Amino acid sequence: MDFEKLFLYKQWSDQRLFKAIAQIDQVQYLDDYNFAKQQFNHMVIVEELFRSRLENTEPLHTQTNTDLLPSLDMLEKRIQISNQWFIDFSKHLHVEQLSQVLHFQFIDQKMGSLSVEEILFHMINHGTYHRGNIAHALHHAKVVHPADTYTVFIHQYEPERRLSESPLF
């Protein structure tokens, strides 16, 4: 699995979504705006928690969300930093490292273990899930949700794929 490309996709999707969230009318749809921020706040906290596990450092958080939400700009900066870290981490990862199993304590105090590959997959999957929740808030707030599927990304990232041979069917 090409995790570097998947994290580039996540970065691209997140950037598009932040632009859409900024278009929400905060007077009329403040709940949707705050919900979108809450989802990104949770996403980045979870990413920072798993980053600390991958780096074998003390976690920065004791919960997976906060009562006070950071500004949208602050969330965007933190997500950018997180995305870049995971892109760089994936870029320099050796295939044999993917199967390394890490043992750690979850926020709920339960013990767990995941391979590096499983952690990376979880980060991609977790982000996709919460971007989907944000898309619902955008729809409710009457803001167009940007196309953020992997197929749209990959054809922008590798436009030569649009020039391939004729279809099989």
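Residues numbered from 1 in each chain as written. Predicted model: local features only at pLDDT ≥ 70, side-chain atom pairs only at ≥ 80, totals over all residues. Heavy atoms only, no water.

1. Let's talk about the overall build of the protein
Phase 1: The helix and strand inventory of the protein stands at five helices and two strands.
Phase 2: In the protein, the succession of α and β elements from N to C terminus is α-α-α-β-β-α-α.
Phase 3: In terms of overall dimensions, the protein has a C-alpha envelope of 50 × 45 × 25 Å along the principal axes.
Phase 4: Taken over 169 residues, the protein has a buried fraction of 45%.
Phase 5: For the protein, contacts bridging at least 24 residues in sequence account for 73% of all contacts bridging at least 6.
Phase 6: Total accessible area on the protein is roughly 10,200 Å²; 55% of this is exposed by carbon and sulfur atoms.
Phase 7: Here the protein contributes 15 positive and 22 negative side-chain charges, whose respective centroids are spaced 4 Å apart. (Helix = DSSP H or I, 4+ residues; strand = E, 2+ residues; numbered from the N terminus. Buried < 20%, exposed > 50% of the residue type's maximum accessible area, 1.4 Å probe, protein only. Contact = heavy atoms within 4.5 Å. Areas by Shrake-Rupley, 256 points an atom, 1.4 Å probe, with all protein chains shown as cover. Lys, Arg positive; Asp, Glu negative; His and termini not counted. Charge placed at Lys NZ, Arg CZ, Asp CG, Glu CD.)

2. Describing the pairing of strand 2 (residues 111-115)
Phase 1: Direction of pairing for strand 1 (residues 101-105) relative to strand 2: antiparallel, over a ladder of five bridges. Counted as the bridge partner of V101 is S115 from strand 2.
Phase 2: Between strand 1 and strand 2, which follow one another and run antiparallel, lie five residues, and Q109 among them has a positive phi close to 75°. (Pairing = 2+ DSSP bridges.)

3. With respect to the nonpolar core
Phase 1: Ranked by size, the top nonpolar core spans 24 residues in total, and within it F7, L54, F86, F89, V116 and L120 carry the most contacts.
Phase 2: Only helix 1 (3-21), helix 2 (30-55), helix 3 (72-91), strand 1, helix 4 (116-140) and helix 5 (150-157) provide two or more residues apiece to this core.
Phase 3: At six residues, helix 1 tops the list of elements feeding residues into this core.
Phase 4: Among all residues touching V116, those that are not within four sequence positions of it are L54, F89, L93, Q97, L98, Q100 and L102. (Core = buried A, V, L, I, M, F, W, Y, C linked by side-chain atoms within 4.5 Å.)

4. Details of the environment of F18
Phase 1: Tracing the sequence through the fold places F18 in helix 1.
Phase 2: F18 sits 22 residues away from F40 along the chain, and the two C-alpha atoms are 9.3 Å apart.
Phase 3: Here F18 is in contact with F40, L72, L75, E76 and I79, once residues within four sequence places are set aside.

5. Concerning the packing of helix 1 against helix 3
Between two packed helices, what matters for the description is the angle formed by their axes and the separation of those axes.
Phase 1: At a minimum axis distance of 8 Å, the contact between helix 1 and helix 3 shows a crossing angle of 170°. When the axis of helix 1 is compared with that of helix 3, the two are roughly antiparallel. Contact residues: helix 1 offers F3, E4, F7, L8, K10, Q11, D14, F18 and I21, while helix 3 offers L72, L75, E76, I79, N83, Q84, F86, I87, S90 and K91.
Phase 2: Of the residues assigned to the contact of helix 1 with helix 3, the class counts are 10 nonpolar, four polar and five charged. (Axes fitted to C-alpha atoms, helices over the stretch in contact; angles between N-to-C directions. Parallel < 35°, antiparallel > 145°, perpendicular 65-115°, else oblique. Nonpolar A, V, L, I, M, F, W, Y, C, P; charged D, E, K, R; others polar.)

6. A word on the environment of S71
Phase 1: Counting through the fold element by element, S71 comes out in the loop between helix 2 and helix 3.
Phase 2: Residue classification places S71 among the partly exposed residues on the basis of a relative accessible area of 40%.
Phase 3: Between the C-alpha atoms of S71 and M111, which are 40 residues apart in sequence, the distance is 33 Å.

7. Topic: the confidence of the model for the protein
Phase 1: Summarising the model, the protein shows a mean pLDDT of 94, and 96% of its residues fall at 70 or more.
Phase 2: Mean pLDDT across the secondary structure elements of the protein bottoms out at helix 5, with 90, and peaks at helix 3, with 98. (pLDDT = per-residue confidence, 0-100.)

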